[in-house]
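Observations on chain architecture
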Amino acid sequence: MDSIRIRGGRPLSGEIPIGGAKNAALPLMAAGLLTEQRLVLSNVPRLADIKTMGALLSQHGIAVEKQDNAGRVLSLGGSITNTEAPYDIVRQMRASFLVLGPLMARVGEARVSLPGGCEIGARPVDLHIKGLEQMGARFDLQGGYIDGRVDGRLRGAKIVFPFVSVGATENLLMAASLAEGRTVLANAAREPEIGDLAVCLVAMGAQIEGIGSDTLTIEGVPALHGAEHSIIPDRIETGSYACAAAISGGSVFLRHARLEHLGATIRVMREAGVEVTEGDGGVMVRRLNGLHGADVMTEPYPGFPTDMQAQFMAMLSVAEGASMVTETIFENRFMHVPELNRMGARINVHGSSAIVRGVPSLSGAPVMASDLRASLSLILAGLAAKGETVVNRVYHLDRGYEAVEQKLAACGADIERVSR
């Protein structure tokens, strides 16, 4: 099992290319189920989750072909020959559940494993189900699977989300594109990745109004056609490497990054004393002086993203003064705190909030990654720590970050991947 070894204390300096957004690429790949014609996606990141989604689409009958040697361009399309999304694939990645809406819309039936074998409820997929039921679908839950059917085509409906859900917005947006009549999605999620999906669907022939707002209006069409689409740059990767520049006391140009996609991430970073400016073809991040404490509360976009919480906590652990980090999106997302504290951080968790009291420096230590974003937070801490840090269980990292050690090493970090 691989680990990442870091010897800290080196300010980063240089340029890091930002890849295509994982959280845009996965629903865009699922959109390949909506047409028999070819959907060609470019700027595809090379990640474990992309391979997982490709495997899932392949077993549905969709041909997933690389159009270049680097695997940055994928062509998807074909007839659906199997409507079951099996547990062995879905359990690896919650985004697999995004095939439900397209399958119901295209062929009128689907059998999809519940993610991780969980029951509908907490971290809910119930909003996906209820929305499709409003569009005429019927579902049974048995043996950890959702079995769905619809007579004829899905029908347009007005669906008001009781709270913002990225996955439910994406699933129902895709389903509504092929439904009969008008669908209105109110209190829809507004993340840039949803806007990217909507733009691609429009290129495929969908009729969507309100892109970028919290109300999406979709006039269903009988069929969609092929299209070509370039995936937006990854705002979470951008924010993560911005934290790397800040925590190391360095200066890094993030090639291809888009400032307008970063929302509250930039505001909090500037409050912490980091200079962030838009340049020609990317974003420059500099830490000119010391870091200052700042309060963070995760919220739906354009609020502060939950996927940046762990990275900011690592950065704030060496900031002057105290910070409060409040997690409102997911429970159990402070599992990185004990590992940061092993490195000398002073973080106390109280329910859904964590008090971070900045320390002058961290100390290298062996640590264990619990999830994707926690993995990166521990690497960030290692960049700032005195001595050697070894981050174990980095298979999480490969789900959402491409070539982390290579990108950081190119900017002067003493970092390497160690295979056992």
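Residues numbered from 1 in each chain as written. Predicted model: local features only at pLDDT ≥ 70, side-chain atom pairs only at ≥ 80, totals over all residues. Heavy atoms only, no water.

Another aspect to go through is the packing of aromatic side chains. In the structure shown here, the tally under the stated rule is one aromatic pair. Look at Phe 304 and Phe 312: their rings are 4.9 Å apart centre to centre, the planes differ by 85 degrees, and that puts the pair in the edge-to-face class. Phe 304 sits in the buried class, given a relative accessible area of 1%. Just above the ring of Tyr 145 sits the side chain of Arg 111; from NZ or CZ to the centre is 4.0 Å. (Phe/Tyr/Trp six-rings, centres within 6.5 Å; stacked < 30°, edge-to-face > 60°. Buried < 20%, exposed > 50% of the residue type's maximum accessible area, 1.4 Å probe, protein only. Lys NZ or Arg CZ within 6 Å of the ring centre and 35° of its normal.)

To continue, consider the sheet that holds strand β24 (residues 414–418). The strands making up a sheet associate through hydrogen bonds between their backbones, and the pairing can be parallel or antiparallel. Reading across the sheet, the four strands line up as β22-β23-β1-β24 and stay open at both edges, with mixed pairing between neighbours. At either end of the open sheet lies a strand with only one pairing partner, and these are β22 (366–368) and β24. With strand direction ignored, the average angle separating the axes of adjacent strands in the sheet is 20 degrees. Sheet topology note: the strand β1 (residues 3–7)/β24 ladder contains five bridges and is antiparallel. In the strand pairing of β24, Ile 4 is matched with Arg 417. Together, β1, β22, β23 (388–392) and β24 form the strand contacts of helix α12 (residues 372–384), whose direction differs from that of β1 by roughly 25 degrees. (Pairing = 2+ DSSP bridges. Helix = DSSP H or I, 4+ residues; strand = E, 2+ residues; numbered from the N terminus. Axes fitted to C-alpha atoms, helices over the stretch in contact; angles between N-to-C directions. Contact = heavy atoms within 4.5 Å.)

So, on to the layout of surface pockets. Of the volumes computed, that of the second largest pocket is approximately 380 Å³. Lining the second largest pocket are 23 residues, with Arg 46, Leu 47, Tyr 401, Glu 402 and Ala 403 sitting closest to its centre. Elements that contribute at least two residues to the lining of the second largest pocket include exactly α2 (48–59) and α13 (404–409). The element that contributes the greatest number of residues to the lining of the second largest pocket is α13, accounting for three residues. In terms of residue class, the lining of the second largest pocket is made up of seven nonpolar, six polar and 10 charged. (1 Å grid on protein atoms, 1.4 Å probe; cavity = no way out; pocket = protein on both sides within 12 Å on 5 of 7 lines; lining within 4 Å. Points joined across faces, edges and corners; volume = space filled by probe spheres on them. Nonpolar A, V, L, I, M, F, W, Y, C, P; charged D, E, K, R; others polar.)

So, on to the nonpolar core. One finds Met 135, Leu 154, Leu 173 and Leu 201 to be the most contacted residues of the largest nonpolar core, which totals 76 residues. Excluding anything up to four places from it in sequence, Met 135 contacts Leu 154, Arg 155, Ala 157, Ile 159, Leu 172, Ala 175, Ala 176, Ala 179 and Thr 183. (Core = buried A, V, L, I, M, F, W, Y, C linked by side-chain atoms within 4.5 Å.)

This part is about helix α5 (residues 126–134). Because each turn of an α-helix spans 3.6 residues, side chains separated by three or four positions end up pointing in the same direction. If you check which residues of α5 are buried, you get Asp 126, Leu 127, His 128, Ile 129, Gly 131 and Leu 132. Against the buried residues of α5 lie α4 (100–107), β8 (138–142), β9 (145–149), β10 (158–160) and α6 (166–177). Of the residues trailing α5, Gly 136 is marked for its positive phi of about 105 degrees.

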